[in-house]
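Results of the structural survey
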Amino acid sequence: MTRHTTLRLVFWATLAAFLAWDWSSSKPVDLRLEPPLIAAGSGQAAAGGHCSMPD
Amino acid sequence: MKRLPLAAVLAVFTGWLLWSVSARQAALFAVGLGLGAVLAGQRFGFTTGWRMLIEDKDASGVMGQILLLALAAALAMPLLGHYPELTAALGPPSVSLLVGAFVFGLCMQIADGCGSGTLYKAGLGIPMNAAILPLFALGSFLGSLHLGFWLDLGRAQPVGLVGQFGWERALLITLAALAAVAAAVRWYAGRAGAAAGKAPRPLVVRRWMVGAVLLALLATLNLVIAGQPWGVVYGFGLWAAKLAQASGAADLANNWFWSQPGNAARLHETVLMDVTSITNIGILGGALWVSAGKPSSARPLNGTQWAVALIAGLALGYSSRLAFGCNVGAMLSGISTGSIHGWIWVPLAFAGTIFGLRIRRHFGF
C-alpha cells in the first residue's frame, strides 16, 4: 500500500468515525418531524444554517 | 476502490439516509454527490480560474464562473419571487465582510482551494487539501466564536435585490452587472495578454461551460429542496463546534453566534440533519467517485510548504466565517440570489488573490 493510499484511508476513516460518533452522541432523529422533501411550495420557511447568515 | 463498488456504497448510504434521517437529506446528499462529481470531473476550481486570469491572462475560467452566476441567478431569482419560503443568501455588509473576503481571497491561492475546492480536492485524495480540511473547519469555528466582536466593529442590514426591486428587475440588474464584468475581464485579458506577448486564449472552453451549466442546475436543486442556497462553510464550523462542545473546550452556551436559537439547536442534532453538512459530505463522495481507479497527480510538498499551506487553511476557515461565505456561499449563492454582500465580497477577495499569488510564488507552490 502506498503512502498516498494510506493517507486517503486515514482521511475517510476519520470522517466515518466522526459521523459515527456524531450519530451516536446527538439527539435521536424524530422521523415524525421530518422536513418536507421539497421546500419550495411547502409553505415552511427554510430553517437551516447558512454561512451568509450570522443569526 | 473501483467506481462500481463505490457507487454501491454511496447508494447504500443514500438509502440509509432516506430510511433513518429524512428524504430531504437523502436528496441533498445526492445533490452533493452531483456537485462533487461535476467540480472534480470538470476541474471547476474558482481558485484556478482567478489564477489563470491573473497569471496567464486566460479568462476562460472566469468566463465559466460568470456564466455560472448568470444561469444560477436566472434560475434562483424567479423561484425566490414565487416561493416566499425560499431564502436568499443575505449577508450583512460589514467590517468583517471586508476583512474576511480579502484574507479569504489571499489564502485560497496559497491553500489552492476555496471552500468547494478544498472539499473536492480532499475527495480526490490530494494530501494537502485533505490535511487542510480539518483546519478549515477549526478556523471556521474560531471565526464563529469571534463573529460577535467583528460585527460590533460595524455592520449594516443585509440588502437583497429581489426583496428591494422584485425578481424581474433584480435579475435584469444582476445580468447587466455580470455582462459588464465579463466585458471588463475580456478587455483586461486581451490587453494584458498582448502587453505580455501572450497569444490570445479562447474565452469559451468546453469544460468550464459544461461545469457552469451543471453546477447552476445543481445549485438550483439545492435551493428548491433545502429552501436555502448552496453553502459550504457553515457545515465545517458546525463539525468543529460539536467536537469543541463535547470535549468541553469551549463554552458555546454563552457565545454570541452559537447561542442564536437555530445554531444552538443544531449543536444538539446530528450533522446529517444539517443541510450544508450533508451536501459537503456528498461533494467529498462525488469527488471520490470521480477519482476512483485513477492515479493521483499531487505534487509532493516540502516542510515549509506544508506549514504555510496549513496556516493558510486555518485562516481560510476563519476568514470565510467573517466574510459570510466562500466562493460558493458568498459569491455564487449571494450574487445569484441578489445579495449585495456577494458583490462586495468579489472585489475584496480578488484583491486578496493578487497578494496571495505573490506569496504562493514566493514559497514555490
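These numbers were taken from a predicted model, which means no experiment stands behind them.

Definitions and limits used
- Residues numbered from 1 in each chain as written.
- Chains lettered and ligands numbered in written order.
- Predicted model: local features only at pLDDT ≥ 70, side-chain atom pairs only at ≥ 80, totals over all residues.
- Helix = DSSP H or I, 4+ residues; strand = E, 2+ residues; numbered from the N terminus.
- Rg over C-alpha atoms; globule rule 2.2 N^0.38 Å.
- Buried ≥ 20, exposed ≤ 12 C-beta atoms within 10 Å, placed from the backbone.
- Contact = placed C-beta atoms within 7 Å.
- pLDDT = per-residue confidence, 0-100.
- Nonpolar A, V, L, I, M, F, W, Y, C, P; charged D, E, K, R; others polar.
- Axes fitted to C-alpha atoms, helices over the stretch in contact; angles between N-to-C directions.
- Parallel < 35°, antiparallel > 145°, perpendicular 65-115°, else oblique.
- Left-handed = near helix turned anticlockwise from the far one by under 90°.

1. As for the overall build of chain A
When you go through chain A residue by residue, the secondary structure sums to 1 helix and 0 strands. Scaling as 2.2 N^0.38, a compact globule of 55 residues should have a C-alpha radius of gyration of about 10 Å, whereas chain A reaches 18 Å, well beyond that. Here chain A holds 55 residues, and 20% of them are scored as buried.

2. Comments concerning the overall build of chain B
A count of helices and strands for chain B gives 16 helices and 0 strands. In summary, chain B has a C-alpha radius of gyration of 20 Å against a globular reference of 21 Å for 365 residues, a match within 12%. A principal-axis box enclosing the C-alpha atoms of chain B has dimensions of 60 × 50 × 40 Å. Looking at chain B residue by residue over its 365 residues, the buried ones come to 57%. Sequence-distant contacts, at least 24 apart, represent 84% of the contacts inside chain B between residues at least 6 apart.

3. What to know about the confidence of the model for chain B
Looking at chain B as a whole, its pLDDT mean stands at 96, while 100% of the residues score no less than 70. Reported confidence for the predicted complex is 0.95 by ipTM and 0.96 by pTM.

4. A word on the interface of chain B and chain A
Each partner contributes residues to the interface: chain B has 57 residues there, and chain A has 33 residues. Sorting the residues of the side of chain B that touches chain A by element identifies α2 (23-41), α7 (127-152), α10 (206-226), α11 (233-247), α12 (261-268), α13 (275-291) and α15 (327-336) of chain B as the ones contributing at least two each. Broken down by element, the residue count for the side of chain B that touches chain A peaks at 6 residues, all from α11 of chain B. When its residues are assigned to classes, the side of chain B that touches chain A shows 29 nonpolar, 22 polar and 6 charged.

5. What about the packing of helix α3 (residues 46-56) of chain B against helix α4 (residues 60-82) of chain B?
All names here are of chain B. Running from N to C, α3 and α4 cross one another at 130°; their axes reach a closest spacing of 7 Å. If you check the angle between α3 and α4, you find them oblique. Along its contact with α3, which presents Phe 46, Thr 48, Gly 49, Trp 50, Met 52 and Leu 53, the element α4 presents Gly 61, Val 62, Gly 64 and Gln 65. Of the residues belonging to the contact of α3 with α4, the class tally is 5 nonpolar, 5 polar and no charged.

6. Examining the packing of helix α5 (residues 95-110) of chain B against helix α14 (residues 303-322) of chain B
Residue and element names in this part refer to chain B. Interhelical geometry of α5 versus α14 gives an angle of 150° and a closest axis separation of 8 Å. In terms of orientation, α5 and α14 fall into the roughly antiparallel class. Regarding α5 and α14, the two cross each other, and that crossing is left-handed. Mapping the contact onto sequence places Ser 96, Val 99, Gly 100, Val 103, Phe 104, Cys 107, Met 108 and Ile 110 in α5 and Val 308, Ala 309, Ala 312, Ala 315, Leu 316, Ser 319, Ser 320 and Leu 322 in α14. The class makeup of the residues in the contact of α5 with α14 is 12 nonpolar, 4 polar and no charged.

7. Here we look at unusual backbone geometry
All names here are of chain B. If you check the backbone angles, Asp 112 has positive phi at about 50° while not being a glycine. Within the secondary structure layout, Asp 112 lies in the loop between α5 and α6 (115-124). For Asp 112, a count of 22 C-beta atoms within 10 Å gives the class buried. With a phi angle near 55°, Phe 324 is a residue other than glycine that sits in the positive phi range. When you line up the elements, Phe 324 lands in the loop between α14 and α15.

8. A short note on the environment of Ile 173 of chain B
Residues and elements named next belong to chain B. Residue placement: Ile 173 occurs in helix α9 (residues 167-195). With 73 residues separating them along the chain, Ile 173 and Gly 100 place their C-alpha atoms 26 Å apart. Residues contacting Ile 173, with those up to four places away along its chain left out, are Leu 161 and Phe 165.

9. Things to note about the environment of Ser 42 of chain A
Note that Ser 42 of chain A resides in the segment after α1 (3-25). Taking C-alpha positions, Ser 42 of chain A is 24 Å from Pro 28 of chain A, a pair spaced 14 residues apart along the chain. In this view, Ser 42 of chain A contacts Pro 36 of chain A together with Glu 85 of chain B; residues no more than four positions away in its chain are not counted.

10. With respect to the environment of Leu 33 of chain A
Within the element layout of this structure, Leu 33 of chain A appears in the segment after α1. Through-space distance from the C-alpha of Leu 33 of chain A to that of Gly 49 of chain A is 18 Å; in sequence the pair is 16 residues apart.

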